Amino acid sequence: DAWFVFDSGLVVFTVLETWLMTAVLFIIGGKGLGWNMATIRIARILRLARMARMARLFRAFPEILILIKGMVIAMRSVFFTLCLLLIIVYIFAIAFTQLVGTDMTQEFGS
């Protein structure tokens, strides 16, 4: 399949750019490889081509877009629920610390 070959190429370029280039630049002291920045920009543009493929997928299956929009809307509720839970845990931690109020080093031996 041509898309599989395209995706595999993008993964290889991403690994080369992210991990291998960073390691090589770290080893040689960050002086550069003598490559033109245009070459690296071309690799980044190829990665953007993968996003174009995702946009094509959204046009083909509008149900996916509806699901994603629903998840984005639900993330706001999930965020505020998480904040509320963190506040409740914090309050109970303070209350527990005040109720115990003894030096725990005597009981645990540390």
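Above: the structure in question.
These lines cover the structure that appears in this document, whether it is placed above or below.

## Here we look at the packing of aromatic side chains
- This model, assessed by the stated rule, comprises one aromatic pair.
- Plain terms: the ring middles of Phe 79 and Phe 80 are 5.4 Å apart, the flat faces sit at 65° to each other, and that makes the pair edge-to-face.
- The class of Phe 79 is partly exposed, set by a relative accessible area of 47%.
- You can call Phe 80 partly exposed: its relative accessible area is 47%.

## Thoughts on a nonpolar patch on the surface
- Side chains of Val 12, Phe 13, Leu 16, Leu 20, Ile 42 and Leu 46 sit close together on the surface and give an oily, nonpolar patch of about 510 Å² of accessible area.
- Mapped onto the nonpolar patch, the elements with two or more residues apiece are α1 (2–28) and α2 (37–60).
- Structurally, the position occupied by Leu 16 is in helix α1.
- Of the residues examined, Leu 16 reaches a relative accessible area of 36% and is grouped as partly exposed.

## Some remarks on helix α3 (residues 62–100)
- If you check α3, its first and last C-alpha atoms are 56 Å apart, about what 39 residues at 1.5 Å a residue would give, namely 57 Å.
- A positive phi of about 55° marks Gly 101, the residue just after α3.

Parameters at a glance
Residues numbered from 1 in each chain as written. Predicted model: local features only at pLDDT ≥ 70, side-chain atom pairs only at ≥ 80, totals over all residues. Heavy atoms only, no water. Phe/Tyr/Trp six-rings, centres within 6.5 Å; stacked < 30°, edge-to-face > 60°. Buried < 20%, exposed > 50% of the residue type's maximum accessible area, 1.4 Å probe, protein only. Patch = residues over 30% accessible without salt bridge, like charges linked within 9 Å, V, L, I, M, F, W, Y side chains within 5 Å. Areas by Shrake-Rupley, 256 points an atom, 1.4 Å probe, with all protein chains shown as cover. Salt bridge = Lys/Arg side-chain N within 4 Å of Asp/Glu carboxyl O. Helix = DSSP H or I, 4+ residues; strand = E, 2+ residues; numbered from the N terminus. Expected span 1.5 Å × (residues − 1).

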